[in-house]
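Coordinate analysis (summary)
This is what each chain is made of:
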Amino acid sequence: MTEKHHAAHHGKKKVAGDKEWEPKIVGFLCNWCSYAGADLCGVSRFQYPTNIRLVRVMCSTRVSPHLVLDVFGAGADGILIGGCHLNDCHYMTGNFHTEKRVNLMERLLRVAGIDEARLRLEWVSASEGEKFSKVVKEFTEEMQKLGPSKVCTDDMVKAKVAAADDASETFRLKALVGKEFNLLTKGNAYGDKLDPEKLTGIIDAATEDEFERALILELARIRPMSVKQLGKVMDIPTDRILRHIVLLRQNSEIAMDHPEGFTPVYKTITIGGEQ
Amino acid sequence: MSSATPNAQSQEKAEGDDFVPKIIVFCCNWCSYAGADLAGVSRLQMPPHFRVIRVMCSARVDPEFVLRAIQKGADGVLVAGCHPADCHYIGGNYRTRRRIALLRMLLQQFGYDPDRLRLEWISAGEGEKFQKTMVDFTKTIEEIGASPMRGGD
Amino acid sequence: MATSDKIGAVMVVGGGISGLQSALDLADSGFKVYLVEKQPSIGGTMAQLDKTFPTNDCAMCIMAPKLVATGRHHNIELITNADIAKVDGQEGNFTVTGTQRALRVDASKCTGCGSCAQKCPIETTDEYNENTKVRKAIFVKYPQAVPLVYSIDQEKCIGCGICAEECKAEAVEYDQKESGFEIKVGSIIVSPGFDEFDARLKAEYGYGVYQNVVSSIEFERILSATGPYFGTVMRPSDGDIPEKIAFIQCVGSRDEKVGNEYCSGVCCMYSIKEAIIAKEHGGNIKPKIFFMDMRAFGKEFEEYYNRAQNEYGIEFVRSRIASVFEDPKTKNLVVKYVEKGEPKEEEFGLVVLAVGLTPPEDAETLSKVMKFGLNDDGFCQTGAFTPVSTSRPGVFVSGAFSSPKDIPMTVAEASGAAAKAASAIASARGTLVTKKEYPAEIDVSEQEARIGVFVCHCGINIGGVVKVPSVAEYARSLPNVVYAEENLYTCSQDTQEKIKQMVKEHNLNRVVVASCTPRTHEPLFQNTIKEAGLNPYLFEMANIRDQCSWIHLHEAAAATKKAKDLVRMAVAKSRLLESLENLTIDVNQQALVVGGGASGMVAALELAKQGVKVHLVEKEKELGGNLLKLHYLPSGDDPVEYVQSLSKEVASNQNITVYTGKKVKSIDGYVGNFKTTLESGEEIEHGTVILAVGAQEYKPEGEFLYGKNPGVMTLLEFKDKLKKGEVKGNTHAFIQCVGSREEGHPNCSRVCCTGTMTAAIKVKEKNPDAKVFVLYRDIRTYGFREKYYKDAAEKGVTFIRFDDGTKPTVEDKGGKIEVRVTDEDTGKEVLLTPDNLVLATGTRPSEGSEELAPMLKVPITKEGFFLEAHMKLRPVDFATEGVYVAGLAHGPKFLDESIGQGLAAVARAMTVLSKETLEAEGIVASLDETLCDGCGICVPTCEYKALEIVPDKKDEEKKTLDINIGLCKGCGACVGSCPSGALTQMGFSDEQIVAMIDAALEETVKNQEVKQ
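What you are looking at is a predicted structure, and each value in this text was computed from that prediction instead of being measured. (Residues numbered from 1 in each chain as written. Chains lettered and ligands numbered in written order. Predicted model: local features only at pLDDT ≥ 70, side-chain atom pairs only at ≥ 80, totals over all residues. Heavy atoms only, no water.)

Take the overall build of chain C next. A tally of helices and strands in chain C yields 25 helices and 52 strands. Taken over the C-alpha trace, chain C has a radius of gyration of 31 Å; the compact-globule value for 1012 residues is 31 Å, and the two agree within 12%. For chain C, the spread of C-alpha atoms along the principal axes amounts to about 100 × 80 × 70 Å. Split into buried and exposed, the 1012 residues of chain C put 64% on the buried side. In chain C, once contacts between residues fewer than 6 apart in sequence are set aside, the share between residues at least 24 apart is 70%. Of the roughly 37,400 Å² that chain C leaves accessible, carbon and sulfur atoms contribute 48%. Treating the 115 positive side-chain charges of chain C as one cloud and the 143 negative ones as another, the clouds have centres 2 Å apart. (Helix = DSSP H or I, 4+ residues; strand = E, 2+ residues; numbered from the N terminus. Rg over C-alpha atoms; globule rule 2.2 N^0.38 Å. Buried < 20%, exposed > 50% of the residue type's maximum accessible area, 1.4 Å probe, protein only. Contact = heavy atoms within 4.5 Å. Areas by Shrake-Rupley, 256 points an atom, 1.4 Å probe, with all protein chains shown as cover. Lys, Arg positive; Asp, Glu negative; His and termini not counted. Charge placed at Lys NZ, Arg CZ, Asp CG, Glu CD.)

Here you go:
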């Protein structure tokens, strides 16, 4: 079932009590451009819906995937990130990195089964008050159409968002995304500039890996699970699950429990040693 | 503190959760010590309550060493050697097996839980077995509780 | 060529078990060795194996000491990640040029800590684990790799720069370029090993298509505790434990369709081994082996095969596999096969393909570059009498590169090749090896202990968990510790200088390093303190990385406490350390060879070529042994001519004294110092013994009318008649396995199948109309010998298989021979009336073995053959040093194999005979004679026969113990057994170990005191 379909079904049902459902939207705005733009919007008395709650950050690049996924995990229906236009960043190249990070967030949302449209990146300068109101209006309408996020109603989605959050915190993804901009523009350790397509492919694959591993750990934390059970719940091939398990065992993140007949089951190890 | 007598099995149980076992592990140089190293290389995690003493062959483990460790308050002693066919010194570990069996009987006669002494074969390739053994043995010792020599209450 | 032109160095190309053995033998007998390996680490295929047959020894356990010994040998230079480009010159004086590909890591700086790989964001599949696991783009092949140096996979690396940032040793060098080398050597040994057959070429088995069809080497990794599944047998599709496993034999072997007619020789045994191990790992697993002929031909192999059936319940099905299909739903596999002409099928959870051995990928390149010939199958060409020589003089070969073979044969050949390589340049021995000079040793015996402690951060490997500064601080507080410091890397070159400087500045007389494991690093630090004038045994190590920080990553406080305990324990032992002397033993540089057959003569000649005086003792009046009776070799070469030329050479060699018609009466002494007395009274003093006493053909008196009907004879007797043209009649039947593979003689005699093929082909060549029947159980023409089986079949020889349990029956009907046999394939009884009935009888040990064994305190098998020190890695050695075995005395084998072993025994003996003195271990047993009461309890605990009860010199009434330091290996087993405390182990004395125990538990005791 697609999320939209699901949402349409849900939309009428009213989620919290008797009150008509309204989307909850969080906006992260950079101090120097977008926040100023939002201020200008107010000064100019441009109107926009009340659904959005704004958080000021110094630079849009401060908005980490972890932050975004955490907010989605808490039940937000949409997240807006506002930053300076490219090349206008107060901190030189901050928003180029933001772009790369948002790519990763989108990748993670995709694998977690959250519609990527729920995350929006906009460049809003200090003088674009009107643009800000337009963006918020549009985004709110879109969220209304999409309906409520399934995080609060579907445990699997919740687990997936948590897994995406964990994945975003792995050294591997942080390293790849953190280096992405420089690798493409300044060249790598050998002095070569990487083919963007190749690098995107590598990061996509790494994201998928890390997300799936994190999800396995999420699921096997609740109760011991077999490769086949994980494959069914996660809807990915069992040989792929097994390869992840091999690595997770190697890293002492998961341990084999007593096998059920001919089928071994695995349980996530909680930090502090296998108990 | 009551004066714990060695044969007071019931008093061996440590009260509360603050019992930190002290375990002495004798590892033969060629297999088990290498297996313990491999556990490290593989970053396999285990409880930190044991101290390894390296000997060239598990057959070097004199009964006196085991008794000394017990006397000095060790809660458990593990002797780890090569698998019987793998001994670097051909047949050394067969002797180890007989010695440990005798020592366990001796411990029991003196009122100690014989499970405080364990023999395991751990090869150079068995990092995971080393980990499992340490997890399991630590658990066993935690269950048996503090050694009477430490005034096990 | 003038002697002075010879170069005293050897290049060994290929660093598998074969190359390691050659390198060690040569380096230990006075030659400089360059070991060139194309991969970044040595170890080869054996390093990938889980266990080895027929003893189920852990492969890494028995191999690691050799890896480490090679890596740290000061006369072996490792050139890894390298290729050979050109070989100029000739025997005795070659110039080899090649290139070393860039590792992108400075090998001299890399400590092998692995921080880089932990953080590298690029994952790829791990070749060492046959792609069942993941490795990083910066990697080391396996955890025990030698040299333990990481390298960057150029294809996978994206140059993100993280490894360089992580590496505190600053070892990563992205701009490192490949480098060329040009090296002068006198001999070359090629041992590049083999490749596995690519099972994709047998499309009917579905390898590469069906997830649960794996190759045998992949299964080896699946079985391994260090493999992907930590030793639990699981299948790749879903991680289920397969209840039923099918092993399919001869995949890519004995198969004309794929162009490999030869038998790979090892697959039957490794499949039995894998089935047994699988069964041991999971008791409910049911393995089934589908085979054509079960070729368990090696020493004690048949018994292993029997155990697999009887003790482990492994099923064996003689059949041909038509195809394998997958059930797409369960991913189970349906195996379709033909058994006794009947098509059958069965479902399995996992299928293991026993892939054959093929020539290594670079065989052709090597042959072109090094200019030696390959045979029709693409392996290195060798001769029937020159098993380790290539077609280019001075270039030798060993291992699976010359024909598929197992590990013991490989190791023997590797030593054999080393012997040939050494002979070619014997005059240059000792010219290129170096001996390190050290300052005079400081006498510390009267000094109070002044201990220096060096605590290592190992980058962040230790320091990231353990609070290293507080450990160093703690060390300073310990009694006798006068100095302590922390280092980023204690093993780095600058720290070695620092340690030496601190020894001088603070008059340290004991050094403790708290860092990684003594198994790899103790020799380095021992060398350092030796350079500072301290005895190397005044060093002690605390393992606070592998056995502390790495295994308690999440418990910093407890790990720090443990590290302090470990340092306290090391310091406690260190306080009691004493200088130990490595005692030296004088070596008599002459050799004794017992047995003047092919292997004995080959050994004697090779020793003589290396300048050794040899005493060759033969009990018969004539040299030559069994070869004199063999007449034919399957290759067409003439064995008699060969053996006669050997005898002549031996007789005319000035270095060899021959004692024919003489028997050994007694042998006394130990390595370097033996004294042998012959029955005729001669006394010989020598440093080593090679036992080459041969074996004999079994005479089956009373069996199958042997000795009763003149038409019944053994194989050798038949060949003798054939040679003399005395064979009568036109119909000949051969019965195989007479006196082999049966009760009392359970093992296979290895040579009889091929011997029968040779005779049968000869008969057919002489008379194509002759009728020849071979009654057999399994045809065991392993390796390239398979072609003789095929040849015999093509020439019209009829093969009739009888069941293991039902022997043919033979009757004498008025002088005529009647043979009845049930053909297992058809189930029908066949009646033959041959003119000649040839019994292919087994091999029996020579009577000499039983007499010699007790003289040298060496063991024999229950069948009476000599039992070597280790079935896999020490095929011609005994636990008793200085004694070696070669040829049939070790077990049935072919001529080329006997020659190989004869040469191998030479290489092993030369590690002793090339030296004037031997250095004994420092860590040995020592005796307090005042406490010893001569009870003798310790004597049987010594596997090396170093202990003996002798009369006390001071008190005739008393007995005491004599420890032969030359034989002691320092295990300490005797010390643990001594009831009176008279024995001690130097370096691991009771006091030292007890001090460690007490130190470990010190706090426990303190707490108790506080409480009380």
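With that out of the way, let us pick up the nonpolar core. It is characteristic of soluble globular proteins that their nonpolar side chains tend to be buried jointly. Core analysis: the largest hydrophobic core is formed by 302 residues, its most contacted members being Phe-26 of chain B together with Phe-219 and Leu-607 of chain C. Mapping this core onto the domain boundaries places at least three of its residues in each of domain 1 (3–146) and domain 2 (155–268) of chain A. Those residues in contact with Phe-219 of chain C that lie beyond four places of it in its chain are Val-214, Val-233, Ile-245, Phe-247, Glu-274, Ala-278, Leu-350 and Val-352 of chain C. Membership of the second largest hydrophobic core comes to 26 residues, among which are Ala-9, Ile-183, Val-185 and Met-370 of chain C. (Core = buried A, V, L, I, M, F, W, Y, C linked by side-chain atoms within 4.5 Å. Domains from an automatic or database assignment.)

Position of Leu-247 of chain A among the secondary structure elements: in helix 10 (residues 238–250). Separated by 34 residues in sequence, Leu-247 of chain A and Arg-213 of chain A place their C-alpha atoms 8.9 Å apart. Dropping the residues within four chain positions of it, Leu-247 of chain A is found in contact with Arg-213 of chain A together with Glu-123 and Val-134 of chain C.

Looking now at the side chain of His-686 of chain C. Residue and element names in this part refer to chain C. With respect to the helices and strands, His-686 occurs in strand 35 (residues 683–686). The class for His-686 is buried, based on a relative accessible area of 0%. Of the polar contacts made by the side chain of His-686, one reaches the backbone oxygen of Thr-688; its length is 2.9 Å. Once residues lying within four places of it in the same chain are set aside, the contact partners of His-686 are Asn-588, Gln-590, Ala-591, Leu-592, Gly-672, Asn-673, Phe-674, Lys-675 and Thr-676. (Polar contact = N/O pair within 3.5 Å; in protein donor to acceptor, adjacent residues only side chain to side chain.)

Looking now at the interface of chain C and chain B. Taken residue by residue, the interface counts 63 residues in chain C and 56 residues in chain B. Note on chain C versus chain B: buried area summed over both sides is about 5,300 Å², and carbon and sulfur give 59% of it. When residues of chain C are sorted by the area they lose upon contact with chain B, Arg-519, Gln-547 and Ile-551 of chain C head the list and together hold 11% of the total. The interface formed by chain C and chain B holds six salt bridges in total. Linking Arg-519 of chain C and Asp-37 of chain B is a salt bridge whose minimum nitrogen-to-oxygen distance equals 2.7 Å. Between chain C and chain B we count 22 residue pairs in polar contact (both at pLDDT 80 or more) in total. Listing elements by their share of the side of chain C that touches chain B, those giving two or more residues are strand 4 (57–58), helix 2 (59–72), helix 12 (518–531), helix 13 (545–549), helix 14 (556–575), helix 23 (973–977), helix 24 (990–1000) and helix 25 (1002–1011) of chain C. Considering each element in turn, the side of chain C that touches chain B owes the most residues, seven residues, to helix 24 of chain C. When its residues are assigned to classes, the side of chain C that touches chain B shows 29 nonpolar, 21 polar and 13 charged. (Buried area = accessible area lost by both parts, 1.4 Å probe. Salt bridge = Lys/Arg side-chain N within 4 Å of Asp/Glu carboxyl O. Nonpolar A, V, L, I, M, F, W, Y, C, P; charged D, E, K, R; others polar.)

All names here are of chain A. Running from N to C, helix 2 (residues 34–43) and helix 5 (residues 129–146) cross one another at 95°; their axes reach a closest spacing of 7 Å. With respect to their mutual orientation, helix 2 and helix 5 come out roughly perpendicular. Facing Gly-37, Ala-38, Leu-40 and Cys-41 of helix 2, the residues of helix 5 in contact are Gly-129, Phe-132 and Ser-133. Of the residues contributing to the contact of helix 2 with helix 5, the split by class is four nonpolar, three polar and no charged. (Axes fitted to C-alpha atoms, helices over the stretch in contact; angles between N-to-C directions. Parallel < 35°, antiparallel > 145°, perpendicular 65-115°, else oblique.)

The parts lose accessible area when they come together, and the size of an interface is often stated as this lost area. Contact with chain C, which involves 35 residues of that partner, is made by 31 residues of chain A. Between chain C and chain A the total buried area reaches about 2,900 Å² when both faces are included, carbon and sulfur atoms providing 63% of it. For the pair chain C and chain A, the number of links is four salt bridges. In this structure, the connection of chain C to chain A is made through 14 residue pairs in polar contact (both at pLDDT 80 or more). If you tally residues by element for the side of chain C that touches chain A, the top one is helix 4 (residues 162–166) of chain C, at three residues. Per-class residue counts for the side of chain C that touches chain A are 16 nonpolar, nine polar and ten charged.

Residues and elements named next belong to chain A. In the contact formed by helix 3 (residues 65–73) and helix 4 (residues 94–112), the axes pass within 10 Å of each other and the chain directions differ by 35°. Classified by chirality, the crossing of helix 4 by helix 3 is right-handed. Only Arg-101, Leu-104, Met-105, Leu-108 and Leu-109 of helix 4 make contact with helix 3, whose side of the interface consists of Pro-65, Val-68, Leu-69 and Phe-72. Its residues placed into classes, the contact of helix 3 with helix 4 shows eight nonpolar, no polar and one charged. (Left-handed = near helix turned anticlockwise from the far one by under 90°.)

A few words now on the sheet that holds strand 43 (residues 816–822) of chain C. All names here are of chain C. Spatial ordering of the open sheet is given by 42-43-44, a layout of three strands whose pairing is antiparallel. Lying at the two open borders of the sheet, with one neighbouring strand each, are strand 42 (809–813) and strand 44 (829–832). Across the sheet, the mean angle separating the axes of adjacent strands is 20° when strand polarity is ignored. (Pairing = 2+ DSSP bridges.)

According to the stated counting rule, one finds 26 aromatic pairs over all chains in the structure shown. Plain terms: the ring middles of Tyr-190 of chain A and Tyr-174 of chain C are 5.3 Å apart, the flat faces sit at 85° to each other, and that makes the pair edge-to-face. Residue Tyr-190 of chain A is located in the loop between helix 7 (171–185) and helix 8 (196–222), and its partner Tyr-174 of chain C is located in the loop between helix 4 and strand 12 (179–185); the two belong to separate chains. Residue Tyr-190 of chain A is classed as partly exposed on the basis of its relative accessible area of 22%. For Tyr-174 of chain C, a relative accessible area of 12% translates into the label buried. (Phe/Tyr/Trp six-rings, centres within 6.5 Å; stacked < 30°, edge-to-face > 60°.)

So, on to the pairing of strand 20 (residues 333–339) of chain C. Residues and elements named next belong to chain C. Where strand 19 (residues 320–326) lies against strand 20, six bridges are found, and the strand directions are antiparallel. From the neighbouring strand, Glu-326 faces strand 20, where its bridge partner is Leu-333. In the sheet, strand 20 pairs with strand 21 (residues 342–348) via seven bridges, with the strands oriented antiparallel. Its bridge partner being in strand 21, Val-334 is matched across the sheet by Glu-347. The hairpin formed by strand 20 and strand 21 contains two residues between the paired strands, and Lys-340 there has a positive phi angle of roughly 50°.

Okay, the state of the cysteines next. Evaluation of the coordinates by the stated rule reveals one disulfide over all chains. In this model Cys-33 of chain A forms its disulfide with Cys-84 of chain A; the gap between the sulfur atoms is 2.4 Å. Its S-S torsion of about 100° marks the bond between Cys-33 of chain A and Cys-84 of chain A as right-handed, since a negative value means left-handed. Of the two residues, Cys-33 of chain A is situated in the loop between strand 1 (25–30) and helix 2 and Cys-84 of chain A in the loop between strand 3 (78–83) and helix 4; the sequence distance between them amounts to 51 residues. There is no split in this pair, since Cys-33 of chain A and Cys-84 of chain A are both buried. Just so you know, Cys-250 of chain C is unpaired, no disulfide at all, and the nearest cysteine sulfur is the one on Cys-268 of chain C, 6.0 Å from it. With relative accessibility at 16%, the residue Cys-250 of chain C sits in the buried group. (Disulfide = S-S within 2.5 Å.)

All names here are of chain C. Tracing the sequence through the fold places Asn-582 in the loop between helix 14 and strand 29 (584–586). Look at Asn-582 and you get partly exposed, because its relative accessible area is 28%. In the structure, Asn-582 is positioned 336 residues away from Leu-918 in sequence and 9.5 Å away in space, judged by C-alpha atoms. In this view, Asn-582 contacts Tyr-537, Glu-919, Ala-920, Glu-921 and Gly-922; residues no more than four positions away in its chain are not counted. Polar contacts involving the side chain of Asn-582 include one to the side chain of Tyr-537, which spans 3.1 Å. Side chain to side chain, Asn-582 and Glu-919 meet in a polar contact 3.2 Å long.

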